[in-house]
Amino acid sequence: MTLLALDPGIQFAGWAKFDGGVLVAAGLAKNPCSAIAPLAVRCRQMAEEVCNVAAPFEEFVFEWPRVYTAAKSKDPNDLLPLGGIGMAVAISCAPHLIQSVYPHEWKGQ
């Protein structure tokens, strides 16, 4: 099974593709959409870009944002679109297995 791991972002999203547990490709997807476009359009465009550069894959895991404390985050609302990007990739690319993880679960923070 081919797995895509995604660290979502509005302007850039990091991705890594694994086949049988072996890293076969990795990259940084750049959003082709203008930074002044509506947020929903920017999220959709980023999801499409990730699918274009990383598909096909059967399994998908992405970082689900989490607000830990107000002191550690400037504006927790800035994190909300990141979950939307992960879900948009899941819907657009239609992998068989979808999983989300919190940042501390795979980064050890």
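All values reported here derive from a predicted model rather than from experimental measurement.

This part is about helix α2 (residues 80-93). Across its 14 residues, α2 extends 21 Å between first and last C-alpha, which sits within 8% of the 20 Å expected from 1.5 Å per residue. Those residues of α2 not exposed but buried are P81, L82, G83, I85, G86, V89, A90 and C93. Those residues of α2 that are buried lie in contact with β1 (2-7), α1 (39-54), β4 (59-63) and β5 (97-101). Positive backbone phi, at 50°, marks A94, one or two positions downstream of α2.

A few words now on the nonpolar core. In this structure, L4, L6, V50, F60 and V89 are the most contacted members of the largest nonpolar core, which totals 20 residues. Of all the secondary structure elements, the ones that give two or more residues to this core are β1, β2 (12-19), α1, β4 and α2. The element that contributes the greatest number of residues to this core is α1, accounting for six residues. Excluding its chain neighbours within four sequence positions, the residues that come into contact with L6 are A13, G14, W15, V50, F60, V61, F62, E63, V89 and W106.

The next point concerns the state of the cysteines. Enumeration over the complete set of coordinates arrives at one disulfide. Across a sulfur-sulfur distance of 1.8 Å, C51 and C93 are joined as a disulfide pair. Here the residue C51 occupies a position in helix α1, and C93 occupies one in helix α2, the gap between them amounting to 42 residues. The pair C51 / C93 is uniform in exposure class, with both members buried.

Turning our attention to the pairing of β4. Among the five residues of β4, four are classified as buried, and the element is accordingly described as predominantly covered. Inspection of the sheet shows β1 paired to β4 by four bridges, in the parallel sense. Bridging across to β4, L4 finds its partner in F60. The pairing of β4 with β5 spans five bridges and is parallel. Looking across to β5, one finds that E63 is bridged to V101.

On to the sheet that holds β5. Taken together, the five strands give an open sheet; going across it, the order is β3-β2-β1-β4-β5, and neighbouring strands pair in mixed fashion. With partners counted over all chains shown, the strands left at the sheet margins are β3 (22-30) and β5, one partner each. Strand-to-strand, the axes of this sheet are offset by a mean angle of 15°, without reference to chain direction.

Applying the stated criterion across every chain yields a total of one salt bridge. A salt bridge links R44 to E48, with the nearest nitrogen and oxygen atoms 3.8 Å apart. Of this pair, R44 and E48 are both found in helix α1, four residues apart, which corresponds to roughly one turn of the helix. By relative accessible area, which is 44% here, R44 ends up partly exposed. Judged by relative accessible area, which is 34%, E48 ranks as partly exposed.

What counts as what
Residues numbered from 1 in each chain as written. Predicted model: local features only at pLDDT ≥ 70, side-chain atom pairs only at ≥ 80, totals over all residues. Heavy atoms only, no water. Helix = DSSP H or I, 4+ residues; strand = E, 2+ residues; numbered from the N terminus. Expected span 1.5 Å × (residues − 1). Buried < 20%, exposed > 50% of the residue type's maximum accessible area, 1.4 Å probe, protein only. Contact = heavy atoms within 4.5 Å. Core = buried A, V, L, I, M, F, W, Y, C linked by side-chain atoms within 4.5 Å. Disulfide = S-S within 2.5 Å. Pairing = 2+ DSSP bridges. Axes fitted to C-alpha atoms, helices over the stretch in contact; angles between N-to-C directions. Salt bridge = Lys/Arg side-chain N within 4 Å of Asp/Glu carboxyl O.

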